[in-house]
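Fold and geometry: a report
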Amino acid sequence: MGVYVWGTGCGASELIEQGLNLERISAFVDSYPSGETFLDKPVLLPEQLRLGDCELLIVTTRHTDAVAKRCTQLGIPSEKLLFLKNNYELSDRNTACTIAQERLGEELLQKLLPKQRIVPTPASLADSQLPERDLSNDYVRLATLELLCRRLEAVPGAAAELGVYRGFFARCINQLLPDRKLYLFDSFEGFGAEVNASDAFQAAHANTTIEKVLAIMPHRAMVTVKPGFFPASLDGLEETFCLVSLDVDFAQSTLEGLRYFWPRLQRGGYLMLHDWGSPSLPGVAQALKTYEAEIGVSIPAIPLCDVGGTLVLCK
Ligand SMILES: C[S@@+](CC[C@H](N)C(=O)[O-])C[C@H]1O[C@@H](n2cnc3c(N)ncnc32)[C@H](O)[C@@H]1O
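It should be emphasised that the depicted structure is a prediction, and the values quoted were computed from it without experimental measurement.

**Notes on the packing of helix 9 (residues 251-264) against helix 10 (residues 283-295)**
Relative orientation of the contacting elements helix 9 and helix 10 amounts to 40°, with a least axis distance of 8 Å. With respect to helix 10, the axis of helix 9 lies oblique. The hand of the helix 9/helix 10 crossing is right-handed. Within the contact between the two elements, helix 9 uses Ala251, Thr254, Leu255, Leu258 and Arg259 and helix 10 uses Gly283, Val284, Gln286, Ala287, Leu288, Thr290 and Tyr291. For the contact of helix 9 with helix 10, the per-class residue count stands at seven nonpolar, four polar and one charged.

See the structure below:
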């Protein structure tokens, strides 16, 4: 009887970083596996889960509804299910999970339990043609993006995201700004060695490809992918921007992003600095302070109460 973990992305890496020893995990489960193993553990399709073997299934993706439905179909009882990302629901799915405390201990369990409870993806961003896993569901972040995009009509320039990962947020930008060029910058191999990301964090972020990102873009002709490590990946690009999403998690890349994008952001444009308020990624806020000191200006900005603690910089 073992502990199984649903998801092979950031949620899984967070779980390990927060203290669940990899040795305690029997296998990962993923409906859309990128490979046969993740962190040297087998990755099973949901239907390969043997109920008799599974004592506790920890769900680390944000697609709580879809996974819960699948688990019901597979006959996994709710006392074996612990949802770590039910932060977009008003109800608590974990009240039935009697096994988690016994298996994980109270201290680890309290660390893991979701802290936020907010509401689902705005209807205008829900896209029935996409698999559910491709709908990011940080309501406040997405709803704010939608409102900001509505204010950009008179602002010229392209859109860009530095730090694309699997393209969840980029897809929303592309959907909301269908007539704008959208530049997507990512190494597509995770973080540079200099940032010392943990193995789990690195493995989770390397788990993407350009093809997969492009496949979920609704207006693909408007998208230009700039692969490689930023700022080298700029390759001399000269452009101005109406909207930038800066989401690279660590200080140096955030600073490089600010140095490039802020001067090129048009008046009336916005730069969404993801993780500025995230206690686990302090480099992002540090980079902004460094940049403001460099230019001698305190940039007008609005903090969001979204999951990642985004700061919206306003030009
Ligand atoms: C948190 S993920 C981005 C998530 C994405 N914005 C979303 O909301 O779906 C961070 C990404 O930044 C990328 N990254 C970090 N530093 C980078 C750099 N210097 N150059 C290119 N990509 C970088 C990583 O490869 C990773 O995919």
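There is more to say, and it comes next.
**Focus: the pairing of strand 4 (residues 41-44)**
Working note: regular strand, side chains alternate between the two faces of the sheet. The pairing of strand 2 (residues 25-29) with strand 4 spans two bridges and is parallel. Opposite Phe28, over in strand 4, you have Val43 as the bridge partner. Pairing geometry for strand 3 (residues 37-38) and strand 4, over two bridges, is antiparallel. Bridge pairing in strand 4 links Phe38 to Lys41.

**Describing helix 6 (residues 168-176)**
Within helix 6, seven of the nine residues are buried, which leaves it mostly tucked inside the rest of the structure. Inspection of helix 6 places Phe169, Ala170, Arg171, Cys172, Ile173, Asn174 and Leu176 among the buried residues, and these make up the whole buried set. Among the structural elements, helix 5 (139-150), strand 7 (158-162), strand 8 (182-186), helix 8 (210-215), strand 9 (223-227) and strand 10 (241-246) are those in contact with the buried residues of helix 6.

**Focus: the site of the ligand**
Contacts to the ligand come from 20 residues, most closely from Gly163, Tyr165, Phe169, Asp247 and Ser253. For the shell around the ligand, the secondary structure elements donating two or more residues are helix 6 and strand 8.

**Overview of the domain arrangement of the protein chain**
One can read the domain layout of the protein chain as domain 1 (2-112) and domain 2 (123-314). Taken together, the contact between domain 1 and domain 2 spans 17 residues of the former and eleven residues of the latter. At five residues, the largest contribution of residues to the side of domain 1 that touches domain 2 is made by helix 1 (residues 10-17). A class-by-class count of the residues in the side of domain 1 that touches domain 2 yields eight nonpolar, seven polar and two charged.

**Section: the nonpolar core**
With 47 residues, the main nonpolar core has Ala160, Ile173, Phe261 and Leu271 as its most contacted residues. Setting aside residues no more than four positions away along its own chain, Ala160 makes contact with Leu182, Tyr183, Phe185, Phe241, Val244 and Phe261. Counting 30 residues, the second largest nonpolar core, distinct from the first, contains Val67, Leu81, Leu82 and Phe201.

**So, helix 1**
Regarding helix 1, the residues found buried are Cys10, Ala12, Ser13, Leu15 and Ile16. For helix 1, the elements touching its buried residues are strand 1 (2-6), strand 2, strand 5 (54-59), helix 4 (106-112) and helix 7 (199-205). Trailing helix 1 by a residue or two, Gly19 shows a phi angle of about 130°, which is positive.

**Observations regarding the sheet that holds strand 13 (residues 311-314)**
With respect to topology, seven strands assemble into an open sheet ordered 9-8-7-10-11-13-12, the strand pairing being mixed. Two strands lie at the open edges of the sheet, namely strand 9 and strand 12 (301-303), each paired on one side alone. Across this sheet, the average inter-strand angle for adjacent strands is 15°, counted without regard to direction. Relative to strand 13, strand 12 runs antiparallel, the two being bridged by three bridges. The residue bridging Ile302 from the neighbouring strand is Val312, located in strand 13. Strands strand 7, strand 10 and strand 11 (265-273) of the sheet are contacted by helix 9, whose axis makes an angle of about 170° with strand 10.

**With respect to the sheet that holds strand 2**
Read from one edge to the other, the open sheet built from six strands follows the order 3-4-2-1-5-6, with strand pairing classed as mixed. Each edge of the open sheet carries a strand with a single partner, namely strand 3 and strand 6 (81-83).

Cut-offs applied
Each chain has its residues counted from 1, following the order in which its sequence is written. Residue-level local features of this predicted model are given only where pLDDT is at least 70; pairs of side-chain atoms are given and counted only at 80 or more, and the full residue set underlies all totals for whole chains, interfaces and linings. Only the stretch in contact is used when fitting a helix axis, every axis being a line fitted to C-alpha atoms; angles between N-to-C directions are given from 0 to 180 degrees. We count a stretch as a helix when DSSP gives it H or I for four or more residues in a row; a strand needs E for two or more, and each element gets its number in order from the N terminus. Should an angle fall under 35 degrees it is taken as roughly parallel, and over 145 as roughly antiparallel, whereas 65 to 115 is taken as roughly perpendicular and any remaining angle as oblique. Rotating anticlockwise by less than a right angle from the far helix to the near helix defines a left-handed crossing, while the corresponding clockwise rotation defines a right-handed one. Think of it this way: build a C-beta for each residue from its backbone, and any pair within 7 Å is a contact. Throughout this entry, Asp, Glu, Lys and Arg are counted as charged residues, while Ala, Val, Leu, Ile, Met, Phe, Trp, Tyr, Cys and Pro are counted as nonpolar. The remaining residues, Gly among them, count as polar. The pairing criterion is simple: DSSP has to find at least two bridges between the two strands. With C-beta atoms placed from the backbone, the exposure class of a residue follows from how many other C-beta atoms lie within 10 Å of its own: 20 or more, buried; 12 or fewer, exposed; in between, partly exposed. Here, nearness is defined through the C-beta atom: a residue counts as near a molecule or strand if that backbone-placed atom lies within 6 Å of it. Throughout, the edges of the domains are those of an automatic or database domain assignment. Structurally, a nonpolar core is described as a collection of buried Ala, Val, Leu, Ile, Met, Phe, Trp, Tyr and Cys residues joined by way of C-beta atoms within 7 Å.

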